[in-house]
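Single-letter residue listing:
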Amino acid sequence: MGLTLKLFNREILALDWDQRQVRAIAAQAGTGRLSVKRMFSESVPQTVSTDDPGAFGVWLRGVLARHGCAGARTLVALPRDRVVLKNLSVPPVPDEELAALVQFQMQKELPFAANEAVIDYTVGEHLGGSEGPAGVNGGAASNGAAANGSPPPVAPAATNTELLVAATRREVVDYYTAVMERAGLTAARIGLRCFCNLRTLRTCLHDDACLLMVDVGPAMTEINVVRKGTLLFSRSASVQAARPDSAHDAPESREFMDRLNLEVLRSVQAARATVSGLEVEGVVVAAPMRMARPIADLLSQRLEVPGRILDPSESIHLPRKQREQAGEFSAVIGLAMGHMDKAQPPFDFLHPHKPVDLNARRRRKKLLVGGAVAAGLLLCIVANAVAYSISEGKVNRKDGELAKLKPKAKAVRDLADQVKAVTARAQPDPEWLTELERLNQMWVAGAEPQPTTAPEDLAAWKELRDFHSGIHVFHVAAVHKDKGEWTITLEGLADNGYVRVKDEKGNMVPMDRVTLLREKLKDLYRVNEVAGRQIPVPDRRSEGRQTRFTIRIIQDQPVKGR
């Protein structure tokens, strides 16, 4: 249960401190009206030095534990005297190159080395008003004296980008992070105090007039000039408010009021030198209630403008007993409200704009491209694997179906063979005697052609008769039947290997040995073999030799009725 509450706890802690006092509010993070849960201030003991982050952090841890704020996400306001503010006009460049350009331009503007600085910036139109910063100057106070305002900047070209740049030493940021670490806090943001006051002023006063805001703190006083919600001028001065228990340094003392009046007049003169035609139209004082009214009356009289007291309690939810103290908490209230806005306020020294490493970006781009290619290849592999798996499944299913059909196919083949056998047995056997007679009629033994009356034909006939001899009648040597087919083997003798057959017209045609037997028989039968060999026979006419023929023919259809 405790872990769940911690995960969903969106409470934040806003802190602002100087050498004499710590001011803090604990608020519930969200949008809309700021809901403050706790608001308190603690005086820093003289035995504790705020310059020592270790000792001060340990003391702060105890203070926060007493108020129930230990371990919270923390916002800190960086005082104006720790920051250099500069207006900068730069040519238009892509957003990723703007931080590098600012870093380069600020090298000649800073009173310390650029590599020792933490630099952040904001575009002029993001400061909250219809006009950009006309001249934020004043710098950091030194020994109680504010720096003079720089001359009005030259009006930039319309295409230039107007920036407000803030820079502080890196050791300052390291100091604040070390204090929060020793205090057991989680650092979330280091903002700029003058912009925190600006955020509170914009929330409490919806006024487009040029206002002078004076925030009187225990150790330092910040003086800002604001017009239409835009910060035009800011500086800090070492004018310390009196301790509540100090009688000789009471707010009514002429020495304190004179010092404050002098620093305010200096600031107004510097602002007028920076911003052309600047005229202050009102004074707003943020200070403890016991001194806010006297200061507002004094400055109103000296500047001859209306004087008001800043009262943030009307814009935030506060317990009734703490509403009178809201004025001195202006910076931390603005810090918390700005952090809760959807549009984050300018300047965060914990997370400043940094130059983009183009080489790193190229490497990241290559990695992204490579990752995309690898993802595409992996997707293709997965898709092919899925397709292969589906195809393999189909093949396996077909193989299974084929295995089931094989016994049926064998049964079908066996049935076909049985049908064929039955059909063959049902057919009548050939009449081989008739067929043999038909074969014998094809061959003529000792036949002689009739001589013609022409003498030359008669001489040719005589020569042919002496050359040819008759052929003996064929006889059946073997008959075989296999699966419905009959095979008959015929044998015969021919003198000198010559036979004669009748052609289609009935003429006698001599056939050249046994090789010509196939030509005669192929139209009637499927002839398997026609072979012949000579055998010795005691016969004068054949000179003791005859040719024995063997013919194997297949009769697979009945010959009856030919």
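What this report covers is the structure whose coordinates are included nearby.

Calculation criteria
- Residues numbered from 1 in each chain as written.
- Predicted model: local features only at pLDDT ≥ 70, side-chain atom pairs only at ≥ 80, totals over all residues.
- Heavy atoms only, no water.
- Pairing = 2+ DSSP bridges.
- Helix = DSSP H or I, 4+ residues; strand = E, 2+ residues; numbered from the N terminus.
- Axes fitted to C-alpha atoms, helices over the stretch in contact; angles between N-to-C directions.
- Core = buried A, V, L, I, M, F, W, Y, C linked by side-chain atoms within 4.5 Å.
- Buried < 20%, exposed > 50% of the residue type's maximum accessible area, 1.4 Å probe, protein only.
- Contact = heavy atoms within 4.5 Å.
- Parallel < 35°, antiparallel > 145°, perpendicular 65-115°, else oblique.
- Left-handed = near helix turned anticlockwise from the far one by under 90°.
- Nonpolar A, V, L, I, M, F, W, Y, C, P; charged D, E, K, R; others polar.

## With respect to the sheet that holds strand E5 (residues 84-90)
No. 1: The antiparallel open sheet is built from three strands, whose spatial order is E5-E7-E6. Every other strand in the sheet has two partners, leaving E5 and strand E6 (117-123) as the edge strands with one partner each. Recorded for the sheet is a direction-independent mean angle of 30° between the axes of neighbouring strands.
No. 2: Sheet topology places E5 next to strand E7 (residues 161-169); seven bridges connect them, and they run antiparallel. The residue bridging Leu88 from the neighbouring strand is Leu163, located in E7.

## Overview of the nonpolar core
No. 1: Core analysis: the biggest nonpolar cluster contains 48 residues, and Leu13, Leu15, Trp17, Phe56, Leu60, Leu192 and Phe349 have the highest contact counts within it.
No. 2: The element contributing the most residues to this core is helix H4 (residues 170-182), with six residues.
No. 3: Contact partners of Leu15, with chain neighbours within four places excluded, come to Val22, Arg23, Ala24, Leu60, Leu64, Thr74, Leu75, Val76, Ala77, Leu185, Val332 and Leu335.
No. 4: Within the second largest apolar cluster, 31 residues are counted, among which are Val216, Ala237, Val239 and Ala292.

## A closer look at the packing of helix H6 (residues 254-274) against helix H7 (residues 289-303)
No. 1: The contact between H6 and H7 brings their axes to 11 Å, and the two run at 50°. In terms of their interaxial angle, H6 and H7 are classed as oblique. Between H6 and H7 lies a crossing whose hand is right-handed. Where H6 abuts H7, its residues Phe256, Met257, Leu260, Asn261, Val264, Leu265 and Val268 lie against Pro294, Ile295, Leu298, Leu299, Arg302 and Leu303.
No. 2: Residue classes in the contact of H6 with H7 are distributed as 11 nonpolar, one polar and one charged.

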